[in-house]
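# Chains, contacts and geometry: an overview
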Amino acid sequence: MATPLAFTAHSTHPMAAVRAAFADRQYWKDRIESVGGPNARIENLVIDGDTVRVDMVQTIPAEELPAQITAIKPNGLVIPRTETWHGSGGTVEAHVDGAPATVNGTLTVTDDGSGSTFVVDASIDVKIPLFGKKIEAAIQEHLSALLEREAEFTDNWLSSH
């Protein structure tokens with residue numbers, strides 16, 4: 001059974017401003033440099049009207065992982081991730097290179113009266129006997145922290161642009 005990844009963040013900026021940031025190449029470049037982690041990079045970015053697709057690669061260094069995981073992946077976890085936005089909603093897909101681990105879910109940003117709310121509703125599935133749940137928990141912890149940093153970055157970026 002997969003581990004849920006539920007994340008919600010508030011922005012002081014309205015949904016239209018957040019979506020405008022998502023359609024700005026400089027936003028993605030700045031975000032990956034600021035909060036992407038070691039060796040993070042944008043692989044592909046396509047902006048076509050209100051549709052945005054960004055393919056990125058991020059890592060969880062071995063020193064931040066439990067020993068059970070580094071026994072299997074001694075160099076850390078490399079996580080290719082794709083966000084696709086259409087209007088105020090979208091999808092997220094990610095996997096761990098060289099491991100049967102996936103993340104799939106939905107993304108939404110909505111106005112909430114005092115700004116906007118960003119929500120990720122996803123599941124993490126690792127098909128490794130005995131260690132699958134531990135790896136799912138590690139991915140959940142790191143992705144939640146990353147999403148928090150990304151939400152803070154977005155709010156700050158919008159305030160300065």
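Residues numbered from 1 in each chain as written. Predicted model: local features only at pLDDT ≥ 70, side-chain atom pairs only at ≥ 80, totals over all residues. Heavy atoms only, no water.

Another aspect to go through is the overall build of the protein. For the protein, the count of helices and strands is four helices and seven strands. On C-alpha atoms alone, the protein measures out to a radius of gyration of 16 Å, which is about the 15 Å that the 2.2 N^0.38 rule sets for 161 residues. Seen through its principal axes, the protein has C-alpha atoms that stretch 45 × 30 × 25 Å. Per-residue burial over the protein gives 46% buried out of 161 residues. Intrachain contacts of the protein at a sequence separation of at least 6 include 55% that bridge at least 24 residues. Looking at the protein as shown, the accessible area adds up to about 8,000 Å², and 55% of this sits on carbon and sulfur atoms. Averaging the locations of the 12 positively and 22 negatively charged side chains of the protein gives two centres separated by 6 Å. (Helix = DSSP H or I, 4+ residues; strand = E, 2+ residues; numbered from the N terminus. Rg over C-alpha atoms; globule rule 2.2 N^0.38 Å. Buried < 20%, exposed > 50% of the residue type's maximum accessible area, 1.4 Å probe, protein only. Contact = heavy atoms within 4.5 Å. Areas by Shrake-Rupley, 256 points an atom, 1.4 Å probe, with all protein chains shown as cover. Lys, Arg positive; Asp, Glu negative; His and termini not counted. Charge placed at Lys NZ, Arg CZ, Asp CG, Glu CD.)

Further remarks concern the packing of helix α2 (residues 25–35) against helix α4 (residues 132–160). At a minimum axis distance of 10 Å, the contact between α2 and α4 shows a crossing angle of 130°. By the angle between their axes, α2 is oblique relative to α4. Our pair here, α2 against α4, has a crossing hand that is right-handed. Contacts from Q26, Y27, D30, R31, S34 and V35 in α2 reach L146, R149, E150, F153, T154 and W157 in α4. For the contact of α2 with α4, the per-class residue count stands at five nonpolar, three polar and four charged. (Axes fitted to C-alpha atoms, helices over the stretch in contact; angles between N-to-C directions. Parallel < 35°, antiparallel > 145°, perpendicular 65-115°, else oblique. Left-handed = near helix turned anticlockwise from the far one by under 90°. Nonpolar A, V, L, I, M, F, W, Y, C, P; charged D, E, K, R; others polar.)

As a further point, take the environment of D30. By the secondary structure assignment, D30 is in helix α2. Separated by 127 residues in the primary sequence, D30 and W157 place their C-alpha atoms 8.6 Å from one another. Setting aside chain neighbours within four positions, we find D30 in contact with F153, W157 and H161. A distance of 2.6 Å separates a polar atom in the side chain of D30 from a polar atom in the side chain of Q26. (Polar contact = N/O pair within 3.5 Å; in protein donor to acceptor, adjacent residues only side chain to side chain.)

With seven of 10 residues buried, strand β3 (residues 51–60) is to be regarded as a mostly interior element. Relative to β3, strand β2 (residues 41–48) is paired through seven bridges, and the arrangement is antiparallel. Bridging from a neighbouring strand, L45 pairs with V54 of β3. Where β3 and strand β4 (residues 77–86) come together, 10 bridges link them in antiparallel fashion. (Pairing = 2+ DSSP bridges.)

Here the focus is unusual backbone geometry. Even without being glycine, N39 reaches a positive phi, approximately 60°. Mapped onto the elements of the fold, N39 is located in the loop between α2 and β2.

Examined against the element boundaries, T117 turns out to sit in strand β7 (residues 116–126). In this structure T117 comes out as buried when scored by relative accessible area, which is 17%. At 2.7 Å, the side chain of T117 forms a polar contact with the side chain of D112. Residues contacting T117, with those up to four places away along its chain left out, are T8, A9, H10, T108, V109, T110 and D112.

What is shown is where atoms sit, not what they do.
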